[in-house]
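Descriptive structure summary
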Amino acid sequence: MSPVTIDDVEAAAERLAGTDIVQRTPVERSRSLSERCGADVRLKMEHLQRTGSFKTRGAYNAISRAVDGSDEGADEPAIERVVAASAGNHAQGVALAAADAGIDATIVMPESAPAAKIEATRAYGAEVVLRGSAFPEAMAHAQTLTDDPGTRFVHAFDDPDVVAGQGTLGLEVLDQVPAADTVLVPVGGGGLAGGVATAVKARSPKTRVIGVQTEGASTLSESLAAGELVTRDEPDTIADGIATGGLSDLTLGLLDEHLDGAVVVSDDDVASAILLLLERAKQLVEGAGATAAAALLNDDAVDELDLAGETVVPLLCGGNIDVTTLKEVVTHALVDRDQLIELSVRIDDTPGTMGEIATLIGGERANIRTVRHERSRPDLPVGDADLVFEVETNGPAHVDRVLTAVREAGYEVEWTTREE
């Protein structure tokens, strides 16, 4: 028998219905993504949960069951404390659920976890311990803190109660979008995908459930192909929420049984999805939260999935992005879209030249962010210099106008694109 069944998910849904810390999040149509992939795209706004993530569903289900004794034998001691390891979102879910239950929580997070997630976890009342450079190290340390018989370890994904709680999101999607043809789910440890796939395939067998991972944290396809767990000690992706380093036996089994397929996207796709959702849908999501939508910006994934004419539901599962990461992601995406460029202009190093070129660039209504002199390059003749401008534009056509203006004034200018 499967370790997580539709009965488990429905029982979790009943349990969650009795609390106000888990919300029923809205669904909105995305015209931009619909036009991009030729499908009817409905965004499931799970990032609007109180903690900014779906993780509260699983954490609440597991902790409430532990507190009321329904997941323990009669001779087990009362649960007084929970311990968890998390890159950030599970941490907040556990902290909030523990506070609601009136018990203590200790969360181990990697030192690389975003500051916003660390501070939010502490604000919910949990003790936060920072350990290791990545999630696997944080997990190893957390598992040493559970010797107390009154302590329950709440795993982010290798826990049937947590997976069942995450599966309630699948029931909610089907209730809101009964005509859904494909549900796109980001995959880290597989708890969300395992729970959602279990629920969706039980209630709507014709609806596809597709897992989405990033290249630097892709273990799902390899694990399914190998029939055993494939892990990465140091996953490398801007989607920190899914940088778990691998699945578990529990989630791999569920995904092997229920998942219809998996696709991989790049960090560039994720950055573009974050920016598109911010600009077009007016929604701020983190890397993991944008990963499912990123599949709709990846031509290979769109072709592989053959989404044309379908009703597609990407799960925007997290919105906890700190300002520093957001700045890096937006800058990266702007460079990819030729809206932030670097121009190198060869000049005679004489007074007034910088101002003349700046006037030319400004005359095309492009904004100069920074400028620097380069006088020490080995190929520079004596008396010459390169002026390197960082310039904001509206895109490729605007770049062409700026280049033309500078060149027609007699200057030699170079522009190196990311692809070059």
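With an unreviewed UniProt entry as reference, the chain is termed threonine ammonia-lyase, source organism Halorubrum salinarum. Among the UniProt annotations of the chain, the heading Sequence similarities (unreviewed entry) holds the following wording: "Belongs to the serine/threonine dehydratase family." According to the UniProt record, the Cofactor (unreviewed entry) comment for the chain reads "pyridoxal 5'-phosphate".

Here we come to the overall build of the chain. From N to C terminus, the chain includes 16 helices and 14 strands. Projected onto its principal axes, the C-alpha positions of the chain cover 85 × 50 × 40 Å. Within the chain, the fraction of its 420 residues that count as buried is 56%. Counting only carbon and sulfur atoms, one obtains 45% of the accessible surface of the chain, whose full area is about 17,600 Å². The distance from the centre of the 34 positive side-chain charges to the centre of the 72 negative ones in the chain is 6 Å.

Right, let's get into the side chain of Asn 320. Structurally, Asn 320 can be placed in the loop between β10 (311-314) and α14 (323-336). At 2.9 Å, the side chain of Asn 320 forms a polar contact with the backbone oxygen of Thr 51. Side chain to side chain, Asn 320 and Asn 89 meet in a polar contact 2.7 Å long.

Before going further, it helps to spend a moment on empty space enclosed by the protein. Within the structure shown, the criterion is met by 2 cavities of 30 Å³ or more. In this structure, the largest cavity is lined by 26 residues; those nearest its centre are Phe 54, Lys 55, Gly 241, Ile 242 and Thr 244. For the lining of the largest cavity, the elements supplying multiple residues, two or more each, are α4 (89-101), α8 (191-203) and α12 (287-294). Within the lining of the largest cavity, the residues separate by chemical class into 11 nonpolar, 13 polar and 2 charged.

Our next topic: the packing of helix α7 (residues 160-176) against α8. Interaxial distance between α7 and α8 falls to 7 Å at its minimum, and their mutual angle equals 45°. Considering the angle they form, α7 stands oblique to α8. By crossing handedness, the relation of α7 to α8 is classed as right-handed. The residues of α8 that touch α7, namely those facing Val 163, Gln 166, Gly 167, Leu 169, Gly 170, Leu 171 and Leu 174, are Gly 191, Leu 192, Gly 194, Gly 195, Val 196, Ala 199, Val 200 and Arg 203. When the residues that make up the contact of α7 with α8 are grouped by side-chain class, the tally is 8 nonpolar, 6 polar and 1 charged.

Bringing the nonpolar core into the picture now. Ranked by internal contacts, the top residues of the largest apolar core, which has 39 residues, are Leu 33, Leu 43, Leu 184, Ile 274, Leu 277 and Leu 296. Secondary-structure elements contributing two or more residues to this core are α2 (31-37), β2 (40-44), β8 (208-214), β9 (261-265), α11 (267-279), α12, α13 (299-305) and α14. Tallying contributions element by element places α11 first for this core, with 7 residues. Among the nonpolar cores identified, the runner-up in size contains 27 residues, and Ile 79, Ile 118, Val 128 and Val 154 belong to it.

Right, let's get into the sheet that holds strand β5 (residues 127-130). Strands sit in the order β5-β4-β3-β6 across an open sheet of 4 strands; the sheet is parallel. Of all the strands in the sheet, just β5 and β6 (151-153) have a single pairing partner and so form its edges. Each strand axis lies, on average, 20° off the axis of its neighbour in the sheet, ignoring direction. With 3 bridges connecting them, strand β3 (residues 81-85) and β6 associate as parallel partners.

The assigned domain composition of the chain is domain 1 (6-48 + 163-329), domain 2 (55-153) and domain 3 (339-415). For domain 1 and domain 2, the distance between their C-alpha centres works out to 23 Å. Listed as interface residues are 26 residues of domain 1 and, on the opposing side, 23 residues of domain 2. Taking both sides of the interface into account, the surface hidden between domain 1 and domain 2 amounts to around 1,900 Å²; carbon and sulfur atoms contribute 51%. On inspection of domain 1 and its partner domain 2, the count reaches 4 salt bridges. Notably, a salt bridge pairs Lys 117 with Glu 286, separated by 2.6 Å at the nearest N-O pair. Scanning the region where domain 1 abuts domain 2 turns up 9 residue pairs in polar contact (both at pLDDT 80 or more). If you list the elements that add at least two residues to the side of domain 1 that touches domain 2, you get α1 (6-17) and α7. If one sorts the elements of the side of domain 1 that touches domain 2 by residue count, α7 sits on top with 6 residues. Classifying every residue of the side of domain 1 that touches domain 2 by side-chain character gives 7 nonpolar, 10 polar and 9 charged.

Moving on to the packing of α11 against α12. Remark: α11 packs on α12, axes separated minimally by 8 Å, with the N-to-C direction vectors making an angle of 95°. By the criterion of interaxial angle, the relationship of α11 to α12 is roughly perpendicular. Of the residues in α12, those in contact with Asp 269, Val 270, Ala 273, Ile 274 and Leu 277 of α11 are Gly 287, Ala 290, Thr 291, Ala 293 and Ala 294. Grouping the constituent residues of the contact of α11 with α12 by class yields 7 nonpolar, 2 polar and 1 charged.

What follows is about the pairing of β5. Inspection of the sheet shows strand β4 (residues 104-109) paired to β5 by 4 bridges, in the parallel sense. The residue bridging Val 108 from the neighbouring strand is Val 129, located in β5.

Thresholds applied
Residues numbered from 1 in each chain as written. Predicted model: local features only at pLDDT ≥ 70, side-chain atom pairs only at ≥ 80, totals over all residues. Heavy atoms only, no water. UniProt positions renumbered as here; feature names shortened; annotations may be inferred. Helix = DSSP H or I, 4+ residues; strand = E, 2+ residues; numbered from the N terminus. Buried < 20%, exposed > 50% of the residue type's maximum accessible area, 1.4 Å probe, protein only. Areas by Shrake-Rupley, 256 points an atom, 1.4 Å probe, with all protein chains shown as cover. Lys, Arg positive; Asp, Glu negative; His and termini not counted. Charge placed at Lys NZ, Arg CZ, Asp CG, Glu CD. Polar contact = N/O pair within 3.5 Å; in protein donor to acceptor, adjacent residues only side chain to side chain. 1 Å grid on protein atoms, 1.4 Å probe; cavity = no way out; pocket = protein on both sides within 12 Å on 5 of 7 lines; lining within 4 Å. Points joined across faces, edges and corners; volume = space filled by probe spheres on them. Nonpolar A, V, L, I, M, F, W, Y, C, P; charged D, E, K, R; others polar. Axes fitted to C-alpha atoms, helices over the stretch in contact; angles between N-to-C directions. Parallel < 35°, antiparallel > 145°, perpendicular 65-115°, else oblique. Left-handed = near helix turned anticlockwise from the far one by under 90°. Contact = heavy atoms within 4.5 Å. Core = buried A, V, L, I, M, F, W, Y, C linked by side-chain atoms within 4.5 Å. Pairing = 2+ DSSP bridges. Domains from an automatic or database assignment. Buried area = accessible area lost by both parts, 1.4 Å probe. Salt bridge = Lys/Arg side-chain N within 4 Å of Asp/Glu carboxyl O.

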